[in-house]
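The residues making up each chain are set out below.
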Amino acid sequence: MTDFFVHPQGLNESANVGADTRIWAFTHVLPGARLGRECNICDHVFIENDVVIGDRVTVKCGVQLWDGLRVGDDVFIGPNVTLTNDPLPRSKRHLQIHPNTVLESGCSIGANATILPGLTIGRGAMIGAGAVVTQSVPAHAIVVGNPARITGYMGTDTKAERRDAVRREPSSTAPSTDNTVSTNTDTGVRGVTLHHLPCHGDMRGDLVVAEAQREIPFAIQRQFLIFNVPSPQVRGEHAHRHCHQFLIAVHGSLSVVVDDGKRRAEFRLTDRETGLHLAPLTWAVQYRYSPDAVLLVLASHSYDAADYIRDYDEFLRLVRDQNHGCP
């Protein structure tokens, strides 16, 4: 007696199927496959041996899951999604080891999308219908098109009033009628503040002031510029253990997504008078660079590779540990 359901016209050869999983008609599951609890595997699905599927996964009709696929919990795979596992396929030639394609927990793959082999689709990402994904996708990113490009991030507040709040809701107790006083605004994301830098202008031109430990809320140990970024590319995708950063678009514009492990927001940096302060344990991504964008980054620490957190799951663990008072 099994605790999962197989339709009379379905074929399940695996002994590793979780409780309350449903396998529907004309679906074939090979012996080595592993399926978690409460999955819904719809009609006309084929699942090979070296496939691992987490809990509460939905696989819609017309999907083939090939060797090397790893699927996290709560993933949605839409109708007729194509998941590949051989970058250079030839008839009658078979790989000894297939590259792992990873669909991390909570991501969704839209109908008719194609995922090339060996990629990782990040936690909570959203792949648009018909997208052709040729590169790994960051956590929570929204990608569409052929080739797929990032167009936004799930769960971010991108309203104009939120991005420009620093101009209208200064936290300074001294009201200002010009641009000569530095003000800052809490963004609602822990450790992230927007700063309106003082600007002095006359007939000779404009001068924007940013002094360390005044407008910049830390001592500066390092600075660097990012420019000539092709518009589809994404920068950042990491957090820091100890380093503070302060971002200013000194030319052009770009978008910055910030994430404290619970809340996420997106800001468009468009002028030299606006800076974004990122405290340690803030996950940040920069994208949608204009062709002429130049990003100035001021940092509180010298470069230290060990200070970088490049895995989003590790970042979430560190945030949880900090919130629970762990060292």
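Up top is the structure these notes are about.
Residues numbered from 1 in each chain as written. Predicted model: local features only at pLDDT ≥ 70, side-chain atom pairs only at ≥ 80, totals over all residues. Heavy atoms only, no water.

A. The overall build of the chain, seen in detail. A tally of helices and strands in the chain yields three helices and 35 strands. Viewed in the frame of its principal axes, the chain has a C-alpha envelope of about 80 × 45 × 35 Å. With 327 residues in all, the chain has 46% of them scored as buried. A fraction of 45% describes how many contacts in the chain between residues 6 or more apart in sequence connect residues 24 or more apart. For the chain, the exposed surface amounts to about 16400 Å²; the carbon and sulfur share of it is 50%. When the 31 positive and 36 negative side-chain charges of the chain are each reduced to one mean point, those points stand 2 Å apart. (Helix = DSSP H or I, 4+ residues; strand = E, 2+ residues; numbered from the N terminus. Buried < 20%, exposed > 50% of the residue type's maximum accessible area, 1.4 Å probe, protein only. Contact = heavy atoms within 4.5 Å. Areas by Shrake-Rupley, 256 points an atom, 1.4 Å probe, with all protein chains shown as cover. Lys, Arg positive; Asp, Glu negative; His and termini not counted. Charge placed at Lys NZ, Arg CZ, Asp CG, Glu CD.)

B. Quick peek at the environment of Pro117. Inspection of the secondary structure puts Pro117 in the loop between β17 (114–115) and β18 (120–121). The class for Pro117 is buried, based on a relative accessible area of 18%. Between the C-alpha atoms of Pro117 and Arg272, which are 155 residues apart in sequence, the distance is 42 Å. Once residues lying within four places of it in the same chain are set aside, the contact partners of Pro117 are Thr84, Asn85, Asp86, Pro87, Pro99 and Thr101.

C. Representation of helix α3 (residues 312–323) within the structure. The end-to-end C-alpha distance of α3 is 17 Å, a good match for the 16 Å that 12 residues give at a rise of 1.5 Å each. Turning to α3, its buried residues number three or more, namely Tyr312, Phe315, Leu316 and Val319. Within α3, the buried residues cover an arc of 100 degrees as seen down the axis, which keeps them to one side. Against the buried residues of α3 lie β28 (235–240), β30 (254–259), β31 (264–269), β33 (283–287) and β35 (308–309). With a side-chain oxygen lying 3.1 Å from the backbone nitrogen of Asp313, the N-terminal cap of α3 falls on Asp311. (Expected span 1.5 Å × (residues − 1). Arc of directions from axis to C-beta. Polar contact = N/O pair within 3.5 Å; in protein donor to acceptor, adjacent residues only side chain to side chain.)

D. Looking closely at the side chain of Ser300. You can see Ser300 is positioned in the loop between β34 (294–299) and β35. Among the residues examined, Ser300 registers a relative accessible area of 11% and is labelled buried. Only 2.8 Å separates the side chain of Ser300 from the backbone nitrogen of His244, close enough to count as a polar contact. In this structure the side chain of Ser300 is engaged in a polar contact, spanning 2.7 Å, whose partner is the side chain of His301.

E. Representation of the sheet that holds strand β6 (residues 34–35) within the structure. Taken together, six strands build an open sheet; the order of strands is β3-β6-β9-β12-β15-β18 and the sheet is parallel. Two strands close off the open sheet at either side, each with one partner strand: β3 (16–17) and β18. Strand direction decides the pairing type here: strand β15 (residues 101–103) and β18, joined by two bridges, are parallel. Its bridge partner being in β18, Val102 is matched across the sheet by Thr120. (Pairing = 2+ DSSP bridges.)

F. Looking closely at the nonpolar core. Grouped together as the largest cluster of nonpolar side chains are 52 residues, with contacts concentrated most on Ile47, Leu65, Leu103, Ile121 and Ile127. For this core, the secondary-structure elements that each account for two or more residues are β9 (51–53), β12 (69–71), β21 (141–144), β22 (149–153), β33 and α3. It is α3 that contributes the most residues to this core, four residues altogether. If sequence neighbours within four positions are ignored, Ile121 has contacts with Val102, Leu103, Glu104, Cys107, Ile109, Ile115, Ile127, Val133 and Val137. Grouped together as the second largest cluster of nonpolar side chains are 20 residues, Val192, Leu194, Val229 and Ala293 included. (Core = buried A, V, L, I, M, F, W, Y, C linked by side-chain atoms within 4.5 Å.)

G. View of unusual backbone geometry. In this structure, Pro147 follows Asn146 across a cis peptide bond, with omega equal to -5 degrees. By the element assignment, Pro147 lies in the loop between β21 and β22. Phi angles above zero are rare outside glycine, and Phe26 is one such case at about 65 degrees. Among the secondary structure elements, Phe26 is positioned in the loop between β4 (22–23) and β5 (28–29). Owing to a relative accessible area of 45%, Phe26 belongs among the partly exposed residues under this scheme. The residue Arg288 is not glycine, and still its phi comes out positive at about 55 degrees. Mapped onto the fold, Arg288 is located in the loop between β33 and β34.

H. Here's a closer look at the pairing of β21. The two faces of β21 differ: Ala141 and Val143 on one face are buried, but Ile142 and Val144 on the other face are not. Alignment of strand β19 (residues 126–127) against β21, held across two bridges, turns out to be parallel. Bridge pairing links Met126 to Ile142 in β21. Looking at chain direction, β21 and β22 are connected through four bridges and run antiparallel. Residue Val143 lies in a different strand from β22, and its bridge partner there is Ile150. If you look at the hairpin formed by β21 and β22, you'll find four residues sitting between the two strands, and Gly145 has a positive phi there, around 95 degrees.

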